[in-house]
Amino acid sequence: MEKRELVIIGAGPAGLSAAIYGKRAGLDTLVLEKGRPGGQVLITSKIENYPGILDGTGSGLADAFRTHAEHFKAEFRTASVQKLEVRDGEKIITLKDGSEIAAGAVIVASGASFRKQGCPGESTYTGMGVSYCATCDGAFFKGKTVAVVGGGDVAIEDAIFLSRGCEKVYLIHRRNQLRGAESLQRELFARPNIEVIWDSEVTRILGEDQVESVHLKNTENGEKRNLPVEGLFVAVGVVPCTTLIKGQVALDDFGYVKAREDCVTNIPGVFAAGDLRTKPMKQIVTAVADGANAVNSARNYLTKKE
């Protein structure tokens, strides 16, 4: 069985930060990631709230993080993790191909995934008009009419991004007030081809081979109507990717890992960093901080074991 000192599961901002700090701490560091390193940062069209980056892209920042980690000789491996368990005090990581890695310490930085709208037609039309990534799929809807569901920063950013190429963009929100940052709201309301539909939720997605319309229900008076659109972008939040540690590491009622600022979990030698951890603010800057804190805790744990 392969043995490593520190294994990092996930290569979003938290995992990449941990890779940098892990190597700088002199730890034998392996990063496992099933896809391109970067996590959800890769689908962020514009970065303006990360210190030192006035006007950057998510993919550019992700590439810079990885280049930094590679500079310190962090090892990256493309692999899908199926399970993490503790056997006789050892942390055993099982990969999709059945191989196992024994780690002295593990930092779980698997992030979060898109939350589904949960209405009829969503799964049927996913990839055929239903999307969870405006920056990934927006180009397919140039000159068309689309809708975005949500009321937070991501939903507003998606609507603004789509308005640059789409003829018309509806922002559908189930309340009468948006939750996003004031600066984003100002830009949203300044766009003439964006219309906000308040107090409404999508109850069904319809079409033949592609999305053609969505059914809406007013959350205040129950009124129903049909809204013709050619695409629907769902931006209603995320859910933590904690399946591989569920039943072992303590989770809160929403499925997030219970871990303090030091990223320590209830399992000795297992640390949680990034969006899957309980914390009030989930941003790139807090994920990067988690990566550093997790390595500090992991190093202290490994030192005490010696």
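Above: the structure in question.
Keep in mind that this is a model prediction, so the values were computed, not measured.

Draft legend 1. The arrangement of the overall build of the protein in detail. The helix and strand tally for the protein stands at seven helices and 17 strands. Taking 2.2 N^0.38 as the reference for a compact globule, 306 residues should give roughly 19 Å; the C-alpha atoms of the protein span a radius of gyration of 21 Å, in line with that estimate. Here the C-alpha coordinates of the protein stretch approximately 65 × 40 × 30 Å along the principal axes. The buried share among the 306 residues of the protein stands at 49%. Nonlocal contacts in the protein, meaning residues at least 24 apart in sequence, comprise 58% of its contacts between residues at least 6 apart. When the accessible surface of the protein is summed, it comes to about 15000 Å², and 49% of that surface belongs to carbon and sulfur atoms. Here the protein contributes 38 positive and 38 negative side-chain charges, whose respective centroids are spaced 3 Å apart.

Draft legend 2. Layout of the packing of aromatic side chains. The full count for this structure, using the stated rule, is five aromatic pairs. Between Y50 and F65, the ring centres sit 5.9 Å apart and the planes meet at 70°, which makes this aromatic pair edge-to-face. Here Y50, found in the loop between β2 (29–33) and α2 (58–71), pairs with F65, found in helix α2; they are 15 residues apart in sequence, far enough to count as distant. F65 matches Y50 in its accessibility class, with the two residues each being buried. Residues F189 and W198 carry aromatic rings whose centres are separated by 6.5 Å and whose planes lie at 35° to one another, so their mutual orientation is tilted.

Draft legend 3. Fine view of the sheet that holds strand β10 (residues 168–172). Within the open sheet, the five strands sit side by side as β8-β15-β9-β10-β11. Their pairing is parallel. At either margin of the open sheet sits one strand with a lone partner, and together these are β8 (130–131) and β11 (194–197). Where β10 meets β11, four bridges bridge the pair, whose relative direction is parallel. Looking at the pairing, Y170 lines up with E195 of β11. Strands β9 (145–149), β10, β11 and β15 (231–234) of the sheet are contacted by helix α5 (residues 153–163), whose axis makes an angle of about 170° with β9.

Draft legend 4. Representation of unusual backbone geometry. A positive phi is found at D199, a non-glycine position, where the angle reads about 45°. Judged by its relative accessible area of 16%, D199 is buried. A positive phi angle, close to 70°, is found at C263, a residue other than glycine. As for its placement among the helices and strands, C263 is situated in the loop between β16 (238–240) and β17 (270–272).

Draft legend 5. Structural view of the packing of helix α1 (residues 13–24) against α2. Running from N to C, α1 and α2 cross one another at 25°; their axes reach a closest spacing of 8 Å. Taken as axis vectors, α1 and α2 run roughly parallel relative to one another. Every pair of crossing elements has a handedness; the one defined by α1 and α2 is left-handed. Contacts from P13, L16, A19 and I20 in α1 reach A62, F65, R66, H68 and A69 in α2. Taken together, the residues of the contact of α1 with α2 sort by class into seven nonpolar, one polar and one charged.

Draft legend 6. Here's a closer look at α1. With twelve residues, α1 extends 17 Å between its outermost C-alpha atoms, agreeing within 8% with the 16 Å of an ideal straight helix rising 1.5 Å per residue. Across the twelve residues of α1, nine count as buried, placing the element largely inside the fold. Contacts made by the buried residues of α1 are with β1 (2–9), β2, α2, β3 (75–78), β6 (100–108) and α7 (284–305). The first or second residue beyond α1 is G26, which carries a positive phi of 80°.

Draft legend 7. Layout of the side chain of R277. Note on placement: R277 falls in the loop between β17 and α7. Beyond its immediate chain neighbours, meaning those up to four positions away, R277 contacts Y256, V257, A259, R260, E261, C263, A272, K282 and D290.

Draft legend 8. The nonpolar core, seen in detail. One finds I107, F271 and I284 to be the most contacted residues of the largest nonpolar core, which totals 33 residues. If you list the elements that add at least two residues to this core, you get β1, α1, α2, β6 and α7. No other element matches the eight residues that α7 contributes to this core. In contact with F271, other than residues within four places in its own chain, are A105, V106, I107, V108, C263, V264, T265, A294, S297, A298 and Y301.

Rules used throughout
- Residues numbered from 1 in each chain as written.
- Predicted model: local features only at pLDDT ≥ 70, side-chain atom pairs only at ≥ 80, totals over all residues.
- Heavy atoms only, no water.
- Helix = DSSP H or I, 4+ residues; strand = E, 2+ residues; numbered from the N terminus.
- Rg over C-alpha atoms; globule rule 2.2 N^0.38 Å.
- Buried < 20%, exposed > 50% of the residue type's maximum accessible area, 1.4 Å probe, protein only.
- Contact = heavy atoms within 4.5 Å.
- Areas by Shrake-Rupley, 256 points an atom, 1.4 Å probe, with all protein chains shown as cover.
- Lys, Arg positive; Asp, Glu negative; His and termini not counted.
- Charge placed at Lys NZ, Arg CZ, Asp CG, Glu CD.
- Phe/Tyr/Trp six-rings, centres within 6.5 Å; stacked < 30°, edge-to-face > 60°.
- Pairing = 2+ DSSP bridges.
- Axes fitted to C-alpha atoms, helices over the stretch in contact; angles between N-to-C directions.
- Parallel < 35°, antiparallel > 145°, perpendicular 65-115°, else oblique.
- Left-handed = near helix turned anticlockwise from the far one by under 90°.
- Nonpolar A, V, L, I, M, F, W, Y, C, P; charged D, E, K, R; others polar.
- Expected span 1.5 Å × (residues − 1).
- Core = buried A, V, L, I, M, F, W, Y, C linked by side-chain atoms within 4.5 Å.

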